[in-house]
Amino acid sequence: MQKSNKELKRFAREQLNDKYSIPMGAFVIANLIASVIEIPFSMTLNLDGDPFQTGIYLVARYLITLIASVLQIGVVSIHLNLTRKLPYRISDIFYPFRRGADRFFLAAFFLSLFNLAANIPLFCTAANVYVNGVTVSSCLLLAAGALCSLLLTLCISLFFQFTSYFLLDYPQMKTIAAFKESARLMRGKKGRFFYLLLSFIGWECLVFCSIGLASLWVNPYLTESYVAFYLDATGEMDRMEAGTSEHF
């Protein structure tokens, strides 16, 4: 039986009750690793505009973004194991690197391409402002381009949010198949997931007001809520409640 978002969020809170330490630590370490890797490139960046050095920095920054994405998949694996009452530890953030890293990097690469394509309207209208100057028409076009890119990015999230979940659950599944499974899973559920996203706006405002400190609690709560949605959408949550928690 499909549960409401209120029930899913309550379920997420129950799973995290007295178990925040490892999800919180995993979130911190995953972000810290990406930041530490980037520091040498940021420190050596020539702000005077050396094209070659800037190019190296941008390539490195992109590769670091992919690494960060795969580390976040490791964080998801911790939440999945926590919810399924399976053993989990902070070092599981490296699980994707030990189990078919190419599939996870390929998924992160494709998602980055999709998001880049989604931002083409914004890039084009911004270029128009740069070329033609700031006018009423160019600003209106820029606003329309930004809105279009936002909607396209949202659609990508709604369709492919659970691609990495399928890759984690099915080690033999190919990356493209995982994208297809995520899109299939979200048929008829995109509106409910969008409402779940909206329900966290207040929490995100709290993160902003706390200069990011509240993310230590909000991010695990958000990730656990996504896990609850995934388990509910696949029917596994019903099996868990019935005492049969097999997810394959």
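One structure accompanies this document, and this report is about it. None of the values given here were measured: they were computed from a predicted structure. (Residues numbered from 1 in each chain as written. Predicted model: local features only at pLDDT ≥ 70, side-chain atom pairs only at ≥ 80, totals over all residues. Heavy atoms only, no water.)

**Description of the pattern of salt bridges**
Think of it this way: side chains of opposite charge can pair up when their charged atoms draw near.
Step number 1: Within this structure, the stated rule accounts for 7 salt bridges.
Step number 2: For the salt bridge of Asp169 with Arg84, the shortest nitrogen-to-oxygen distance reads 2.7 Å. With a gap of 85 residues between them, Asp169 in helix H8 (residues 163–169) and Arg84 in the loop between helix H3 (51–83) and helix H4 (95–98) connect regions that are remote in the sequence. An identical accessibility class is assigned to Asp169 and Arg84; each is buried.
Step number 3: Between Glu181 and Arg184 there is a salt bridge, with its nearest N and O atoms 2.7 Å apart. With Glu181 and Arg184 both in helix H9 (residues 175–185) and 3 residues apart, this pair spans about one turn of that helix.
Step number 4: Salt bridges here are not isolated pairs; linked through shared partners, they connect Arg84, Asp169 and Glu236. (Salt bridge = Lys/Arg side-chain N within 4 Å of Asp/Glu carboxyl O. Helix = DSSP H or I, 4+ residues; strand = E, 2+ residues; numbered from the N terminus. Buried < 20%, exposed > 50% of the residue type's maximum accessible area, 1.4 Å probe, protein only.)

**Let's talk about the packing of aromatic side chains**
Step number 1: Under the definition given, this model contains 20 aromatic pairs.
Step number 2: Relative to Phe193, the ring of Phe162 lies with its centre 5.5 Å away and its plane at 65°, an arrangement referred to as edge-to-face. Here Phe162, found in the loop between helix H7 (136–160) and H8, pairs with Phe193, found in helix H10 (residues 190–198); they are 31 residues apart in sequence, far enough to count as distant. Each member of the pair, Phe162 as well as Phe193, carries the same accessibility label: buried.
Step number 3: Feature note: the residues Phe162, Tyr165, Phe166, Tyr170, Phe193, Tyr226, Phe229 and Tyr230 constitute an aromatic cluster, connected by ring pairs.
Step number 4: Seen from the ring of Phe200, Lys9 lies directly overhead, with NZ or CZ sitting 4.6 Å from the centre. (Phe/Tyr/Trp six-rings, centres within 6.5 Å; stacked < 30°, edge-to-face > 60°. Lys NZ or Arg CZ within 6 Å of the ring centre and 35° of its normal.)

**Thoughts on the layout of surface pockets**
Step number 1: There is about 840 Å³ of room inside the largest pocket.
Step number 2: Lining of the largest pocket is provided by 30 residues; of these, Ser69, Gln72, Ile73, Leu111 and Gln161 occupy positions nearest its centre.
Step number 3: Elements supplying a minimum of two residues to the lining of the largest pocket: helix H2 (21–44), H3, helix H5 (101–118), H7, H8 and helix H12 (215–234).
Step number 4: Tallied by class, the residues present in the lining of the largest pocket amount to 16 nonpolar, 14 polar and no charged. (1 Å grid on protein atoms, 1.4 Å probe; cavity = no way out; pocket = protein on both sides within 12 Å on 5 of 7 lines; lining within 4 Å. Points joined across faces, edges and corners; volume = space filled by probe spheres on them. Nonpolar A, V, L, I, M, F, W, Y, C, P; charged D, E, K, R; others polar.)

**Considering the side chain of Arg103**
Step number 1: Within the secondary structure, Arg103 is located in helix H5.
Step number 2: The side chain of Arg103 sits in the buried core without any salt bridge; Asp102 is the nearest counter-charge, 5.3 Å away.
Step number 3: When residues no more than four places from it in sequence are discounted, the contact partners of Arg103 are Leu167, Tyr170, Pro171, Met173 and Thr175. (Lys, Arg positive; Asp, Glu negative; His and termini not counted. Contact = heavy atoms within 4.5 Å.)

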